[in-house]
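Each chain is listed here by its residues.
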Amino acid sequence: MSKTKKLMAGVATSILALGMTGCSQNETNQDEPTGYDCDDWEWDDDEGTYYCDDTRSAHYGGYYFLGNMFSSKSAFKKSSGYSSHISSYKSGIGSGTKGGFGG
């Protein structure tokens, strides 16, 4: 096999591995929250984090981000780490915006 074919095979394998990893994890590698009274966590693609979608929970509509619970999307957006999180999330792999890998 020529060097070019070997290189292309390696690149294709790497891209396939990255694609498969993305199918089982969210963009920021956050685990689904535990320890909160919420039985239905949903991933918010726009915000890059989980929110509680359990109407019976006191946390309904709340957003979870890296160990912190915010009472609403608005409260999450006002948090000190939101702007740096959202700018890195939106420019990451698979975000569909320019600036990330393949963007």
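Residues numbered from 1 in each chain as written. Predicted model: local features only at pLDDT ≥ 70, side-chain atom pairs only at ≥ 80, totals over all residues. Heavy atoms only, no water.

**Q** How should I be thinking about the state of the cysteines in this particular structure?
**A** Put plainly, two cysteines are in a disulfide when a covalent bond ties their sulfur atoms together. The full count for this structure, using the stated rule, is one disulfide. A disulfide bridge connects C38 with C52, and the sulfur atoms are separated by 2.1 Å. Disulfide C38 to C52: torsion about the S-S bond roughly 105°, handedness right-handed. Taken together, the positions of C38 in the loop between α1 (3–24) and β1 (41–44) and C52 in strand β2 (residues 49–52) put the pair 14 residues apart, joining distant regions of the chain. For C38, a relative accessible area of 7% gives the class buried. (Disulfide = S-S within 2.5 Å. Helix = DSSP H or I, 4+ residues; strand = E, 2+ residues; numbered from the N terminus. Buried < 20%, exposed > 50% of the residue type's maximum accessible area, 1.4 Å probe, protein only.)

**Q** Would you mind showing me how to read the sheet that holds strand β4 (residues 68–70) here?
**A** Two orientations exist for strands paired in a sheet by backbone hydrogen bonds: parallel and antiparallel. Overall, antiparallel pairing links the four strands, which are arranged β1-β2-β3-β4 in an open sheet. Strands with a single pairing partner mark the edges of an open sheet, and in this sheet they are β1 and β4. Neighbour-to-neighbour, the strand axes of the sheet open up by a mean angle of 35°, direction not taken into account. Alignment of β1 against β2, held across four bridges, turns out to be antiparallel. Bridge pairing links W41 to C52 in β2. (Pairing = 2+ DSSP bridges. Axes fitted to C-alpha atoms, helices over the stretch in contact; angles between N-to-C directions.)

**Q** Would you take a moment to explain the pattern of salt bridges for this structure?
**A** Opposite charge on two side chains makes pairing possible when the charged atoms of those side chains draw close. Summed over all chains, the structure comprises five salt bridges. The partner of K77 in a salt bridge is E47, and the shortest N-O contact between them spans 3.8 Å. Taken together, the positions of K77 in helix α2 (residues 73–77) and E47 in the loop between β1 and β2 put the pair 30 residues apart, joining distant regions of the chain. Across the salt bridge formed by R56 and D54, the nearest N and O atoms sit 3.5 Å from each other. Salt bridges sharing common partners tie together D44, E47, K73 and K77. (Salt bridge = Lys/Arg side-chain N within 4 Å of Asp/Glu carboxyl O.)

**Q** Even after reading the chapter, I still don't get helix α3 (residues 82–90), so can you show me in this structure?
**A** Think of an α-helix as 3.6 residues a turn; residues three or four steps apart then line up on the same face. Among the residues of α3, those classed as buried are Y82, H85, I86 and Y89. Seen end-on, α3 carries its buried residues on one side only, within an arc spanning 90°. Lining the buried residues of α3 we find β1, β3 (63–65) and α2. (Arc of directions from axis to C-beta. Contact = heavy atoms within 4.5 Å.)

**Q** Is there a simple way to think about the packing of aromatic side chains in this case?
**A** Each aromatic ring pair is described using two quantities: the centre-to-centre distance and the angle formed by the ring planes. Using the criterion set out here, one finds nine aromatic pairs in the structure. Judged by centre distance (6.3 Å) and plane angle (75°), the ring pair of Y36 and W41 falls under edge-to-face. By the ring-pair criterion, three or more aromatic residues cluster together here, those being Y51, Y63, F65, F70, F76 and Y82. (Phe/Tyr/Trp six-rings, centres within 6.5 Å; stacked < 30°, edge-to-face > 60°.)

Note that every value here comes from positions in space, so none of it alone points to a role or purpose.
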